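One-letter residues, chain by chain:
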Amino acid sequence: MLAAAEAARLGEAVRAVYGETYPVLWAYDADEVARRISNGLLISAIAETNDGDLLCHSGLVLADSDDAVGHAGQALTLPAARGQHIFTNVKRYLVEWVSSRGLVGMYSEATAAHPYSQRALVDLGGHETGFLLGFIPESVDNSVSAPSPGRQSAALFFLRLHPGKERMVYAPSRHRGIVQDTIAVCHFRSHLAEAP
């Protein structure tokens, strides 16, 4: 796990992969990364060489340290580590660590232009729940994907780790089919109901 005292390493990794184009600006700020790690709002799993060089990072962001579901992001594989399935191993470690602490699940986005990221999430038990069209700004320069003009889409995933609370879900009638399918594929303990 990345310690708060090592927070600058995340910004260095982001720069190595995205230059200055990564849209999550706090990831460049070592003080903010350290604050988030110290407050339990960022859980950072890493892989490194025997010499301590960072190879891969996968994070889980919480809005509150008591959240039951987190946002998995800041998934970075540095050029020296590509093609070795290190991302899948780091993500698996993060999933096991988070699961052992009782979180219900995690959601994440994977760029639609990079099928390996998507495959890793499916291999870990994640389920595709939709697509976020034009989600990635055109200004993002990802050294992994082939450059293409315009905004890029992302596949949205959810990985359930533990059963959540039973709850009612009120969806508009025109969306009930897809909401029910999402509930089923993600094994949510939710039930569709008519709005009061």
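Residues numbered from 1 in each chain as written. Predicted model: local features only at pLDDT ≥ 70, side-chain atom pairs only at ≥ 80, totals over all residues. Heavy atoms only, no water.

A. Highlighting the side chain of Gln-74. With respect to the helices, strands and loops of the structure, Gln-74 is situated in strand β3 (residues 69–77). Note on Gln-74: relative accessible area 5%, which makes it buried. Excluding residues within four positions of it along the chain, Gln-74 makes contact with Tyr-22, Val-24, Trp-26, Leu-42, His-57, Ser-58, Gly-59 and Val-61. (Helix = DSSP H or I, 4+ residues; strand = E, 2+ residues; numbered from the N terminus. Buried < 20%, exposed > 50% of the residue type's maximum accessible area, 1.4 Å probe, protein only. Contact = heavy atoms within 4.5 Å.)

B. Region of interest: the pattern of salt bridges. One pass over the full model with this rule turns up seven salt bridges. The shortest N-O distance in the salt bridge between Glu-20 and Arg-15 comes to 2.7 Å. Since its relative accessible area comes to 38%, Arg-15 is described here as partly exposed. Residue Glu-166 pairs with Arg-189 through a salt bridge whose shortest N-O separation is 3.2 Å. In this pair, Glu-166 is assigned in the loop between β6 (152–160) and β7 (167–169) and Arg-189 in the loop between α5 (176–186) and β8 (190–192), connecting sequence segments 23 residues apart. With relative accessibility at 35%, the residue Arg-189 sits in the partly exposed group. Here the salt bridges share partners, and the residues they tie into one network are Glu-6, Arg-9 and Glu-48. (Salt bridge = Lys/Arg side-chain N within 4 Å of Asp/Glu carboxyl O.)

C. Region of interest: the packing of aromatic side chains. By the definition in use, this model includes two aromatic pairs. An angle of 45 degrees between the planes, with centres 4.7 Å apart, marks the rings of Tyr-18 and Tyr-22 as tilted. When sorted by exposure, Tyr-18 lands in the same class as Tyr-22, which is buried. Just above the ring of Trp-26 sits the side chain of Arg-36; from NZ or CZ to the centre is 4.0 Å. It is Arg-101 that lies over the ring of Trp-97; its NZ or CZ is 3.6 Å from the centre. (Phe/Tyr/Trp six-rings, centres within 6.5 Å; stacked < 30°, edge-to-face > 60°. Lys NZ or Arg CZ within 6 Å of the ring centre and 35° of its normal.)

D. Representation of the side chain of Ser-58. Looking at the element boundaries, Ser-58 is found in strand β2 (residues 54–61). Judged by its relative accessible area of 0%, Ser-58 falls in the buried class. Within polar-contact distance, the side chain of Ser-58 engages the side chain of Lys-91 at 3.4 Å. Not counting residues within four places of it along the chain, the set of residues in contact with Ser-58 comprises Ile-43, Ser-44, Ala-45, Gly-73, Gln-74, Ala-75, Phe-87, Val-90, Lys-91 and Leu-94. (Polar contact = N/O pair within 3.5 Å; in protein donor to acceptor, adjacent residues only side chain to side chain.)

E. Quick look at the confidence of the model for the protein. Counting all residues, the mean pLDDT for the protein is 87, and 92% of those residues have values of 70 or more. Confidence, read as mean pLDDT per element, is least for helix α4 (residues 115–123) in the protein (78) and greatest for helix α2 (residues 30–38) (97). (pLDDT = per-residue confidence, 0-100.)

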